[in-house]
Amino acid sequence: MEYVYAALILNETGEEINEDNVTGVLEAAGVDVEESRVKALVAALEDVDIEEAIETAAAAPAAGAAAGGSADAADADEAADESDDEDDAAEEAADDEDEDDDGGEGLGELFG
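So, a few notes on the structure that sits alongside this text. (Residues numbered from 1 in each chain as written. Predicted model: local features only at pLDDT ≥ 70, side-chain atom pairs only at ≥ 80, totals over all residues. Heavy atoms only, no water.)

### Side note on the overall build of the protein chain
A tally of regular secondary structure across the protein chain gives five helices and zero strands. Along the protein chain, helices (α) and strands (β) appear in the sequence α-α-α-α-α when read from the amino end. Across the protein chain, the fraction of contacts at a sequence separation of at least 24, relative to all contacts at a separation of at least 6, is 43%. Total accessible area on the protein chain is roughly 8500 Å²; 49% of this is exposed by carbon and sulfur atoms. (Helix = DSSP H or I, 4+ residues; strand = E, 2+ residues; numbered from the N terminus. Contact = heavy atoms within 4.5 Å. Areas by Shrake-Rupley, 256 points an atom, 1.4 Å probe, with all protein chains shown as cover.)

### Here we look at helix 3 (residues 35–44)
Along helix 3, the residues classified as buried are Val38, Leu41 and Val42. Along the axis of helix 3, the buried positions cluster into a sector of 95°, meaning they face one direction only. In this structure, helix 3 carries Ser36 and Ala44 as exposed residues pointing more than 90 degrees from its buried face. The inward-facing, buried residues of helix 3 abut helix 1 (2–13) and helix 2 (19–28). (Buried < 20%, exposed > 50% of the residue type's maximum accessible area, 1.4 Å probe, protein only. Arc of directions from axis to C-beta.)

### Some thoughts on a nonpolar patch on the surface
Nonpolar side chains collect at one region of the surface, where Met1, Val4, Tyr5, Leu8 and Ile54 lie side by side and expose about 460 Å² of accessible area between them. For the nonpolar patch, the leading source of residues is helix 1, giving three residues. Among the structural elements, Val4 can be located in helix 1. (Patch = residues over 30% accessible without salt bridge, like charges linked within 9 Å, V, L, I, M, F, W, Y side chains within 5 Å. Salt bridge = Lys/Arg side-chain N within 4 Å of Asp/Glu carboxyl O.)

### Brief notes about the packing of helix 1 against helix 2
The angle between the axes and the distance between the axes are what describe a pair of packed helices. Remark: helix 1 packs on helix 2, axes separated minimally by 9 Å, with the N-to-C direction vectors making an angle of 110°. The angle between helix 1 and helix 2 falls in the class roughly perpendicular. Along this stretch, helix 1 crosses helix 2, giving a crossing that reads as right-handed. Between helix 1, through Glu2, Tyr3, Ala6, Ile9 and Leu10, and helix 2, the contact on the second element is made entirely by Asn21, Val22, Val25 and Leu26. Looking at the contact of helix 1 with helix 2 residue by residue, the classes come out as seven nonpolar, one polar and one charged. (Axes fitted to C-alpha atoms, helices over the stretch in contact; angles between N-to-C directions. Parallel < 35°, antiparallel > 145°, perpendicular 65-115°, else oblique. Left-handed = near helix turned anticlockwise from the far one by under 90°. Nonpolar A, V, L, I, M, F, W, Y, C, P; charged D, E, K, R; others polar.)

### Thoughts on helix 2
Taking the backbone nitrogen of Asp20 as reference, a side-chain oxygen 3.3 Å away marks Asn18 as the first, capping residue of helix 2. Among the residues trailing helix 2, Gly30 stands out with phi positive, at a value near 85°. (Polar contact = N/O pair within 3.5 Å; in protein donor to acceptor, adjacent residues only side chain to side chain.)

### Thoughts on the nonpolar core
Core analysis: the largest hydrophobic core is formed by 11 residues, namely Tyr3, Ala6, Ala7, Leu10, Ile17, Val22, Leu26, Val38, Leu41, Val42 and Ile50. Elements supplying a minimum of two residues to this core: helix 1, helix 2 and helix 3. Among the elements that take part in this core, helix 1 stands out by supplying four residues, more than any other. Setting aside residues up to four positions removed in sequence, Ala6 forms contacts with Val22, Val25 and Leu26. (Core = buried A, V, L, I, M, F, W, Y, C linked by side-chain atoms within 4.5 Å.)

Nothing here speaks to function; it is all geometry.
Dropping the structure here:
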């Protein structure tokens, strides 16, 4: 991830994203730089408009959440949550029973 962050920093500051600049940012951050990864990153970003990619990525989750919700999916999620709640309640009840059988140990024994 630090390689991508280096490219984002260079983009934000208006610097050219090339091997020397990416290596410089990474070394300044104390990263042990792998030359092959730097070359691969620079090659991959050669024809990419980073600003457009950022805008598209920022808009995608908001649009996906609004368009993706159907009644059936919501019902399935609610049923799964209820099932999880029931499982949690059963585990807590079992834990409480185990605590009662401690033979006088714990704060529960202080209050009867």
